[in-house]
Amino acid sequence: MKVKYSWIIFLPVAVLSVVLRVYQLLFVDKGLDKTFLDSGRLWLIYAGMVAFLFVVILVLCLGDRKTLPGYEPRANILAGMFGILASGTLIFNAGMQAGAIFSADTTGNTPVVLMIDAIFGIMGGVVLLLMGISSFSGRNFVRRTGVFSSLTAIWCCIQLVTAFIGDTKHSIHEYDMTNLFYMAFLTLAVFNVSMLYQGITFKNAVKGTFLYGMTGFVTVTVYAVADAVKQYNMSGMYDILGSLNVLVFFLIGLYIFFLLVEITVHAKSVDDEEVVMEDVDYVGKGSLKIEEKAVRKDEVSEEEKKENIVSNIDVTDVEDDINEELDSVDSVIESMKKAESNPENYSPYAEEYFNRETDSPSADDEIEQSLENIDKLIDEISLEEDTE
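> How do you make sense of a nonpolar patch on the surface when you look at a structure like this?
Judged by side-chain polarity, Ile77, Leu78, Met81, Leu85 and Phe136 come together as a nonpolar surface patch covering roughly 450 Å² of accessible area. Inspection of the secondary structure puts Leu85 in helix H3 (residues 77-100). Since its relative accessible area comes to 43%, Leu85 is described here as partly exposed.

Right under this line is the structure:
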């Protein structure tokens, strides 16, 4: 499972990106350090590290042919906690957007945009809540939602579009537009997570979660920390209500981070012998390969059972059966011989019919016996006449 090696490059890039961005805001942008690098070069280094992380994970995903395309999430307390926090923050933010429809200050958005944001925010928050509860309990409640499991990803996509439209009104040099990157990465990551919960394997959702989840976590963490540092430098405090959008994505990033830890520990590959088809309920091309492998295993097990049955038969039992069969054959042969030697079964045209030996008297003996009887009869008649 080569995709697990993504952690080797992910952890140092995540730490270095946050440190570099904070250093830029606290020292370089304030003019306290002019001997290291200017702000523009620090931006290039940060962007290069994120791009390098994405390319390395992409190469590992393309080279990984053994990771199963599906994964059934298990009990994960940390992932469940941040999933529930993210859903509560998202629903609360959606409620504020719905309330802003009837207020005079719509923060530059039209009532239609606010209504769409509120509707999909509430529904996406409910789906995210089910994901968090599933991680807490270890039972998949999201699968019952069907296609509605993608509502959280749809809300992230709406935020990406509205943020892009809003950022076009600002200059690139005076405004941090890296929010577009973390929104794009986390949108794809949440979509892959929903595919995991639905058991859909037309695409490898496990590798997709690694690719977009890790990159999205790095970018959203750097943006959230930088935004907090900026607000503290400007006002000496952090505006939680004004930063709900950023907090929602940051909590989603933490949820995906701990879900990736779980997947890294429990995800299976095609070489693992512990894969049992009774516990797998995937839908897609990847599941067909798994089913074929399970069928082959079943065939092998049936052959092993037959071999065990044959090996358990005692030799004496086999000899007894053979002796019984031979006795029956001998009896049949004897009966056939008796039938052939029976004179009654001879053909009238066969030589054996004339040469046969019988127990009945011959014809000559019968004639002699008749002549003797005639002589006796004559003698008796003559005796009677003499007596008269």
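Read on for the rest.
> Would you take a moment to explain helix H8 (residues 244-266) for this structure?
Given 3.6 residues to a turn, an α-helix orients residues that are three or four positions apart in the same direction. Compared with the 33 Å implied by 1.5 Å per residue over 23 residues, the 33 Å span of H8 between its first and last C-alpha is a close match. Within H8, 17 of the 23 residues are buried, which leaves the element mostly enclosed by the surrounding structure.

> Looking at this model, I keep getting lost on the packing of aromatic side chains. Mind explaining?
How two aromatic rings sit relative to each other is set out by the distance from centre to centre and by the angle between their planes. For the structure shown, the criterion picks out 14 aromatic pairs. Taking 5.4 Å as the distance between ring centres and 25° as the angle between the ring planes, the aromatic pair formed by Trp155 and Phe249 counts as stacked. Linking Trp155 in helix H5 (residues 151-167) with Phe249 in helix H8, this pair joins segments that are 94 residues apart in sequence. The class for Phe249 is buried, based on a relative accessible area of 0%. Within the aromatic cluster, the residues linked to one another by ring pairs are Trp7, Phe10, Phe82, Phe217, Phe257 and Phe258.

> Would you explain the environment of Leu160 in this entry?
Inspection of the secondary structure puts Leu160 in helix H5. A relative accessible area of 22% places Leu160 in the partly exposed class. For the pair Leu160 and Asn179, spaced 19 residues apart in the sequence, the C-alpha separation amounts to 8.4 Å.

> When you look at the pattern of salt bridges in this model, what are you seeing that I'm missing?
Side-chain pairs of opposite charge can arise whenever the charged atoms involved come near each other. All told, the structure shown has 1 salt bridge when counted by the stated rule. Residues Glu72 and Arg143 are paired through a salt bridge, measuring 3.1 Å at the closest nitrogen-oxygen approach. Note that Glu72 is positioned in the loop between helix H2 (39-63) and H3 and Arg143 in the loop between helix H4 (111-137) and H5, a separation of 71 residues in sequence. Of the residues examined, Glu72 reaches a relative accessible area of 30% and is grouped as partly exposed.

> What is the right way to read the side chain of Ser17 from this model?
Counting through the fold element by element, Ser17 comes out in helix H1 (residues 6-28). The class of Ser17 is buried, set by a relative accessible area of 0%. Setting aside anything within four residues of it in sequence, one finds Ser17 in contact with Tyr46, Met49, Val218 and Val222.

> So what exactly am I meant to see when it comes to the packing of H3 against H8 here?
Any two packed helices are characterised by the angle at which their axes cross and by the distance between the axes. Between H3 and H8, the least distance of the axes is 8 Å, while the angle of their chain directions is 160°. One element, H3, and the other, H8, form an angle in the roughly antiparallel class. When the axes of H3 and H8 are compared, the crossing they make is left-handed. The segment H3 lies against H8, with Leu78, Ala79, Phe82, Gly83, Leu85, Ala86, Thr89, Leu90, Phe92, Asn93 and Met96 engaging Leu244, Asn245, Val248, Leu251, Ile252, Leu254, Tyr255, Phe258 and Leu259. Along the lines of polarity and charge, the residues of the contact of H3 with H8 split into 16 nonpolar, 4 polar and no charged.

Conventions adopted
- Residues numbered from 1 in each chain as written.
- Predicted model: local features only at pLDDT ≥ 70, side-chain atom pairs only at ≥ 80, totals over all residues.
- Heavy atoms only, no water.
- Patch = residues over 30% accessible without salt bridge, like charges linked within 9 Å, V, L, I, M, F, W, Y side chains within 5 Å.
- Areas by Shrake-Rupley, 256 points an atom, 1.4 Å probe, with all protein chains shown as cover.
- Salt bridge = Lys/Arg side-chain N within 4 Å of Asp/Glu carboxyl O.
- Helix = DSSP H or I, 4+ residues; strand = E, 2+ residues; numbered from the N terminus.
- Buried < 20%, exposed > 50% of the residue type's maximum accessible area, 1.4 Å probe, protein only.
- Expected span 1.5 Å × (residues − 1).
- Phe/Tyr/Trp six-rings, centres within 6.5 Å; stacked < 30°, edge-to-face > 60°.
- Contact = heavy atoms within 4.5 Å.
- Axes fitted to C-alpha atoms, helices over the stretch in contact; angles between N-to-C directions.
- Parallel < 35°, antiparallel > 145°, perpendicular 65-115°, else oblique.
- Left-handed = near helix turned anticlockwise from the far one by under 90°.
- Nonpolar A, V, L, I, M, F, W, Y, C, P; charged D, E, K, R; others polar.

Keep in mind these values describe shape, not function.
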